[in-house]
Amino acid sequence: MTTDLQPVVYSPYAYEIHEDPYPVYARLRAEAPVYRNEELDFWALSRHEDVLAAFRNLDGFSNAQGVSLEPSAFGPEAHKFMSFLALDPPRHTRMRSLVGKGFTPSKVAAMEEHIRAIALEHLEPALERGSFDFIADFAGKLPMDVISELVGVPRVDRAEIRRLADVVVHREDGVLDVPPAGMEAAMALVGYYQGMVDERRASRRDDLTSALLDAEIDGDKLTDDEIIAFLFLMVVAGNETTTKLLGNAWYWGWRHPGERTKPFTDGDRVVSWIEETLRYDTSSQMLLRVTRAPIELHGTTIPEGERVLLLVGSANRDESVFPDADRYDLDRDTSRLVSFGSGRHFCMGAPLARLEARVALGELVRRVDTYDVEPSGIERVHSINVRGLAALPTTVTLR
Ligand code: HEM
């Protein structure tokens with residue numbers, strides 16, 4: 001328990017929170033499990049059991065205004081860019097089922113060798129140089145190129161698509177909404193995907209866009225706009241999050257040499273490296289909901305129509321579920337992490353994100369003997385919901 005006399009204050013916009021949110025999360029869990037921020041007009045849930053219950057309570061909590069506090073991403077239009085992530089049942093159920101017909105586990109599993117080829121394309125020149133930026137030269141490139149490969153963007157266009165996707169998610173320090181350049185890049189991406197859908201309609205290929213065009217349940221099919229919104233959702237939901245997962249694993253491994261030794265001496269331990277990083281410092285720190293009915297919790301009532309942040313990053317550090325939760329420990333049981341959400345909106349890309357991380361970090365441990373990071377060059381991303389690094393200068397010694 002804390003001895004602080006001031007009531008705990010939490011704002012996802014605060015730079016101190018971007019630097020290290022975990023002490024504030026610990027106070028929220030202990031002192032204000034149903035936290036209210038009047039100024040920014042939101043509530044926040046921070047305990048594991050409450051976050052998990054809210055993810056699963058579709059009658060109590062709605063996704064229909066989107067899942068982000070960012071002003072331009074919040075509201076009834078959110079589904080135009082965020083597809084079924086920003087829909088409730090029955091519209092969510094219909095869209096997710098149709099997309100599930102195309103985006104199948106076997107399609108993801110079949111990506112492994114493609115992912116390896118893309119990873120090595122970026123990794124080999126970096127490793128040859130010996131010094132490189134782990135984010136700019138590797139982790140920032142792989143996830144978007146994998147999405148492009150999956151949906152069918154030809155190789156020649158991938159660098160430009162990656163550039164546009166970067167502009168969509170990029171935020172200058174202090175800018176906490178989507179800037180005009182981000183909006184323009186989003187429109188350009190949508191235009192590109194529209195062209196791709198038109199081409200595939202005329203002639204199918206072996207890619208996800210073609211599979212989505214053919215997806216059908218009882219005669220019901222996806223419209224062009226729905227396919228494009230889903231392709232765009234993958235950029236928003238699957239790109240930056242996976243980049244940050246890779247960077248966070250590399251960073252926390254560097255900070256904990258004793259733990260790092262485990263995957264570097266036994267390649268099978270790469271999976272524990274990924275899972276513990278997902279738990280300890282997840283890239284997607286919070287998801288927004290809007291209450292559909294009054295919610296009574298720990299003696300407080302959240303009225304209907306209120307914005308509630310589900311603090312995933314805090315739930316993953318809840319001592320009642322993860323003993324000694326602030327310790328980065330590759331030997332712990334991580335099975336109850338909530339980094340991919342839970343229930344009906346559970347991350348559809350979780351198997352792909354895990355596969356990418358296993359291939360990428362697996363190739364690194366196979367080639368690299370030791371590595372070091374230059375602390376003065378580390379830069380953190382300032383974002384209200386994504387946690388991770390923008391720069392991570394690395395030097396490697398190869399095996
Ligand atoms: C480490 C990487 C990732 C993390 C931490 C992550 C996290 C999440 C979380 C927490 C949700 C639930 C959102 C909510 O309940 O409001 C979600 C949903 C989603 N994610 Fe991921 N994600 C990752 C990678 C990916 C990838 C690689 C893809 C696909 C290419 C993807 C596609 C999706 C989709 C389509 C949804 C919406 C599911 C629905 O609303 O039914 N994600 N993700």
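You'll find the structure just up there.
Residues numbered from 1 in each chain as written. Predicted model: local features only at pLDDT ≥ 70, side-chain atom pairs only at ≥ 80, totals over all residues. Heavy atoms only, no water.

1. With respect to the overall build of the chain
Counted only if it meets this: In this text, helices come from DSSP runs of H or I with a minimum length of four residues, and strands from runs of E with a minimum of two, each type numbered from the N-terminal end. The contact definition used throughout considers only heavy atoms, calling two residues in contact when any of these lie within 4.5 Å. Per-residue and other accessible areas follow the Shrake-Rupley method at a 1.4 Å probe size, with only the shown protein chains counted as cover for residues.
Helix and strand counts for the chain stand at 18 helices and 14 strands. For the chain, the spread of C-alpha atoms along the principal axes amounts to about 60 × 55 × 35 Å. Expressed as a percentage of contacts within the chain between residues at least 6 apart in sequence, the contacts between residues at least 24 apart total 71%. Working note: accessible area of the chain is about 17000 Å², and carbon and sulfur atoms make up 53% of it.

2. Section: the packing of aromatic side chains
Defined as follows: Classification of ring pairs rests on two measures: the distance between centres of Phe, Tyr or Trp rings, Trp counted by its six-membered ring, which must be within 6.5 Å, and the angle between planes, read as stacked under 30 degrees, edge-to-face over 60 and tilted in between. Here's how the labels work: a residue is buried when its accessible area is under 20% of the maximum for its type, exposed when over 50%, partly exposed in between, all with a 1.4 Å probe on protein chains only. As a reminder, the over-ring test applies to NZ of lysine and CZ of arginine, requiring each to be within 6 Å of the ring centre and within 35 degrees of the ring normal.
The tally for this structure, following the rule as stated, stands at 21 aromatic pairs. Between Phe134 and Trp250, the aromatic rings sit 4.6 Å apart at their centres with planes inclined by 10 degrees, giving stacked as the arrangement. With Phe134 in helix 8 (residues 134-139) and Trp250 in helix 14 (residues 240-255), this pair connects stretches of sequence that are 116 residues apart. Where Phe264 meets Tyr371, the ring centres are 5.8 Å apart and the plane angle is 45 degrees; that geometry is what we call tilted. Here Phe264, found in helix 15 (residues 257-265), pairs with Tyr371, found in strand 11 (residues 368-373); they are 107 residues apart in sequence, far enough to count as distant. Each member of the pair Phe264 and Tyr371 is classed as buried. Each residue in the set Phe134, Phe138, Trp250, Phe264, Trp273 and Tyr371 is aromatic and connected to the rest through ring pairs, giving one cluster. The ring of Tyr371 is capped by Arg260, whose NZ or CZ atom sits 5.0 Å from the centre of that ring. Sitting over the ring of Tyr280, Arg317 keeps its end group 3.9 Å from the ring centre.

3. Considerations on the site of the ligand
Note the following rule: Definition of nearness: a residue and a molecule or strand are near each other if at least one heavy atom of the residue lies within 4 Å of the molecule or strand. What qualifies as a polar contact is a pair of N or O atoms within 3.5 Å, subject to a donor-acceptor requirement within protein and to the restriction that residues adjacent in sequence count only when both atoms come from side chains.
Around the ligand, 29 residues are found, and the nearest of them are His92, Arg96, Arg289, His345 and Cys347. Note that an oxygen atom of the ligand is positioned 2.7 Å from one of the side-chain N or O atoms of Arg96. Taking Arg289, its side chain carries an N or O atom lying 2.7 Å from an oxygen atom of the ligand. Of all elements in the fold, only helix 5 (91-102), helix 13 (224-238), helix 14, strand 7 (286-291) and helix 18 (350-367) reach the threshold of two or more residues within the shell around the ligand.

4. Details of the side chain of Glu363
Turning to its location among the elements, Glu363 is positioned in helix 18. Looking at Glu363, the relative accessible area reads 2%, which means it is buried. Residues contacting Glu363, with those up to four places away along its chain left out, are Arg116, Leu120 and Leu123.

5. Considering the coordination of the iron atom of the ligand
Threshold: Atoms are scored as donors when they are N, O or S and lie within 2.8 Å of the metal, with 3.2 Å used for Na, K and Ca; no water is included, so coordination may look incomplete.
Inspection of the coordination sphere of the iron atom of the ligand shows a single protein donor, Cys347 (SG), at 2.3 Å. Checked against the element boundaries, Cys347 lands in the loop between helix 17 (312-315) and helix 18.

6. Observations regarding the nonpolar core
Using the following cut-off: Throughout, nonpolar core names a set of buried Ala, Val, Leu, Ile, Met, Phe, Trp, Tyr and Cys residues whose side chains join them through atoms within 4.5 Å.
The biggest cluster of nonpolar side chains holds 83 residues, and the ones touching the most others in it are Phe134, Tyr193 and Trp273. Setting aside chain neighbours within four positions, we find Tyr193 in contact with Met144, Val151, Val153, Ile161, Ile228, Leu231, Phe232 and Val235. If you look at the next biggest cluster of nonpolar residues, it comprises 22 residues, including Leu45, Met82, Ala86 and Leu287.

7. Quick notes on the environment of Arg399
Tracing the chain through its elements places Arg399 in the segment after strand 14 (393-398). For the pair Arg399 and Ser148, spaced 251 residues apart in the sequence, the C-alpha separation amounts to 32 Å. Aside from chain neighbours lying at most four places away, what touches Arg399 is Phe264, Val365, Arg366, Arg367, Val368 and Asp369. From its side chain, Arg399 meets the backbone oxygen of Phe264 in a polar contact 2.9 Å long.

Read these as layout, nothing more, since geometry by itself doesn't imply function.
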